[in-house]
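Read off the chains here:
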Amino acid sequence: MPFISKLFFGASLAYLAFGTAMGLLMAIRRGKWTLRLMPSHAHMNLLGWASGFLFALAYMIVPGPLYSQSLPYYHFVLWNAGLAGMALMWALSRFPKSPVPPGLVAPFGALAIISLWLFMINMALTVF
Ligand code: HEM
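These remarks concern the structure in this document. (Residues numbered from 1 in each chain as written. Predicted model: local features only at pLDDT ≥ 70, side-chain atom pairs only at ≥ 80, totals over all residues.)

Another aspect to go through is the overall build of the protein. Assigned secondary structure in the protein consists of five helices and zero strands. Listed by position from the N terminus, the elements making up the protein come as α-α-α-α-α. Buried residues in the protein amount to 30% of all 128 residues. Taking the intrachain contacts of the protein between residues at least 6 apart in sequence as the baseline, contacts between residues at least 24 apart amount to 73%. (Helix = DSSP H or I, 4+ residues; strand = E, 2+ residues; numbered from the N terminus. Buried ≥ 20, exposed ≤ 12 C-beta atoms within 10 Å, placed from the backbone. Contact = placed C-beta atoms within 7 Å.)

In this structure, F8, L83, M86 and A112 are the most contacted members of the largest nonpolar core, which totals 23 residues. Broken down by element, this core gets its largest block of residues, eight residues, from helix α4 (residues 71-93). Among residues more than four places away in sequence, those in contact with L83 are H43, L47, G48 and A112. (Core = buried A, V, L, I, M, F, W, Y, C linked by C-beta atoms within 7 Å.)

This part takes up the site of the ligand. Neighbouring residues of the ligand: T20, G23, L24, M26, A27, M38, H41, A42, N45, L46 and A50. It is helix α3 (residues 38-61) that provides the largest number of residues to the shell around the ligand, a total of six residues. (Near = placed C-beta within 6 Å.)

Two numbers describe how α3 lies on α4: the axes approach to 9 Å, and their chain directions differ by 170°. What the angle tells us is that α3 and α4 run roughly antiparallel. Across the interface between the two elements, P39, S40, H43, M44, L47, G48 and Y59 of α3 pack against P72, L83, M86, A87, W90 and A91 of α4. Split by residue class, the contact of α3 with α4 holds 10 nonpolar, three polar and no charged. (Axes fitted to C-alpha atoms, helices over the stretch in contact; angles between N-to-C directions. Parallel < 35°, antiparallel > 145°, perpendicular 65-115°, else oblique. Nonpolar A, V, L, I, M, F, W, Y, C, P; charged D, E, K, R; others polar.)

This part takes up the environment of Y15. By secondary structure assignment, the location of Y15 is in helix α1 (residues 3-28). Between the alpha carbons of Y15 and S70 there is a distance of 23 Å; along the sequence they are 55 residues apart.

Looking now at the packing of α1 against α4. At their nearest, the axes of α1 and α4 sit 10 Å apart, and the two run at 15° to each other. Relative to α4, the element α1 is oriented roughly parallel. α4 is crossed by α1, and the crossing has left-handed handedness. Contact with α1, carried on its side by I4, L7, F8 and A11, involves P72, Y73, F76 and N80 of α4 and no other residues of that element. (Left-handed = near helix turned anticlockwise from the far one by under 90°.)

Here α1 is 26 residues long and its end C-alpha atoms lie 38 Å apart, about the 38 Å a rise of 1.5 Å per residue gives. Of all the positions in α1, only I4, F8, A11, S12, Y15 and G19 are classed as buried. Here the buried face of α1 lies against α3 and α4. (Expected span 1.5 Å × (residues − 1).)

A separate point is the environment of A42. Residue placement: A42 occurs in helix α3. For A42, a count of 16 C-beta atoms within 10 Å puts it in the partly exposed group. Distance in space between the C-alpha atoms of A42 and T20 is 9.3 Å, their sequence separation being 22 residues.

Taking 1.5 Å as the rise per residue, α3 with 24 residues should run 34 Å; its terminal C-alpha atoms sit 33 Å apart, in good agreement. The sharpest bend along α3 measures roughly 30° and falls at S51. If you check which residues of α3 are buried, you get S40, H41, H43, M44, L47, G48, W49, S51, G52, F55, A56 and Y59. The elements touched by buried residues of α3 are α1, α4 and α5 (105-127). (Bend = angle between axes of the 7 residues up to and from the residue.)

Now the structure itself:
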């Protein structure tokens, strides 16, 4: 397995652990405050676990050498920074009188989107 796939696979497992722990908390302690974790939970599971696992697979099964060998590492760093930042800002900003404004989710979202563009561009130039 290529090293970059190992990185994505390891991180996706960590997001699965965090994401499902939040889900369990929301399920057990049903109530107003736990539901504030929902966007963090949904994104950790979908962008973290599900997408991260697919990135690991994609870098494994792509035919031939990648168009760029370094872009996947930028993809990995920005994906983590963007996702962890979004999840944290969502969780912190959704409590009453929180000093964290909800707008702080956006810059981290931008990092996550840039990371996805790096993935798309590298994959497209490799495969087509
Ligand atoms: C142990 C596993 C999990 C538990 C216990 C759990 C639990 C929950 C709970 C309690 C909610 C709030 C639902 C509500 O009251 O409206 C929720 C929402 C959500 N969960 Fe999970 N979840 C789990 C795993 C996952 C996984 C693996 C994914 C995706 C891959 C996922 C995606 C979502 C999404 C997208 C929402 C938001 C749904 C909406 O907007 O209505 N969850 N989950």
